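# Examining the three-dimensional arrangement
Chain by chain, the residues run as shown.
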Amino acid sequence: MALRLLPRKAWQNWRRPADLRIPLRSTDAEDAGRRFLLYGVLPLWVLPGLADWWMHKRTGIEHTSGTKESAVHALMMTEAGVPVLVGLLARINPLVLTVMGGAALVHGATAVHDVSLAVGDREVRPVEQHIHSFLEVLPLTALSFTACLHSGQVRRALRGGPHPDDWRLLPKERPLPAPYLAALAAVITAGVAVPYAEELRRCLHTAAREGSRP
């Protein structure tokens, strides 16, 4: 079966359908689950990430494990960010669920490598380890809620995705509201991208400065 990831025509007018409504007062289980995922899990994911960045700074990562650990942090953000982006913009189908599941497993393996790298060079305090537990479980939490909201697609994935569209990256039939996407992007930029870019810059600067000393 040919795997067509980006059918151009399908994405040309991806914002044209009516936005998905997310009722704030509905007690329906599906609405409540979607609200918790979109307004709880995803935005609050930033908080342990920001706390972890602060622990790195507090223990002087730029003078210990330095650039090698900071680069692993950037890799982990990519491993988490790609499935989040796909889930927000693309139709949930066996392809997207497979990407999410695979990314969660890879992220977990990278997290183990990250800690093993850090403990050899700097102090990893119990508080930081506890923060890591949140960062490791949240991808699985997001995947679990997504799977519950799209149980039919989970069944299709378990059957091997018999329909050609099961393995195509397609726009959502009803996209998420643009204001929500913009707000979430702003939160992630301010709470994740900027701090960790600052960490990597600090590590690179310190490595260059210490490497130039006689």
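Structural data are supplied above this passage.
Just so you know, these numbers come straight off a predicted model, no measurement behind them.

### Here we look at the packing of aromatic side chains
Taken as a whole, this structure holds three aromatic pairs when the rule is applied. Here the aromatic rings of W53 and W54 are separated by 6.4 Å at their centres, their planes lie at 50 degrees, and the arrangement is tilted. A relative accessible area of 15% places W53 in the buried class. W54 gets classed as partly exposed once you look at its relative accessible area, which sits at 47%.

### What to know about the pattern of salt bridges
Under the counting rule described, the total for this entry stands at 10 salt bridges. We note a salt bridge from R34 to E30, for which the minimum N-O separation is 3.3 Å. With R34 and E30 both in helix α2 (residues 29–44) and four residues apart, the pair spans about one turn of that helix. Taking relative accessible area as the criterion, E30 reaches 41% and is therefore assigned partly exposed. In this structure, E173 and R91 form a salt bridge, with 3.9 Å as the shortest nitrogen-oxygen distance. Taken together, the positions of E173 in the loop between α7 (151–158) and α8 (178–211) and R91 in the loop between α4 (66–89) and α5 (94–119) put the pair 82 residues apart, joining distant regions of the chain. For E173, a relative accessible area of 57% puts it in the exposed group. Look at R91 and you get partly exposed, because its relative accessible area is 28%.

Definitions and cut-offs
Residues numbered from 1 in each chain as written. Predicted model: local features only at pLDDT ≥ 70, side-chain atom pairs only at ≥ 80, totals over all residues. Heavy atoms only, no water. Phe/Tyr/Trp six-rings, centres within 6.5 Å; stacked < 30°, edge-to-face > 60°. Buried < 20%, exposed > 50% of the residue type's maximum accessible area, 1.4 Å probe, protein only. Salt bridge = Lys/Arg side-chain N within 4 Å of Asp/Glu carboxyl O. Helix = DSSP H or I, 4+ residues; strand = E, 2+ residues; numbered from the N terminus.

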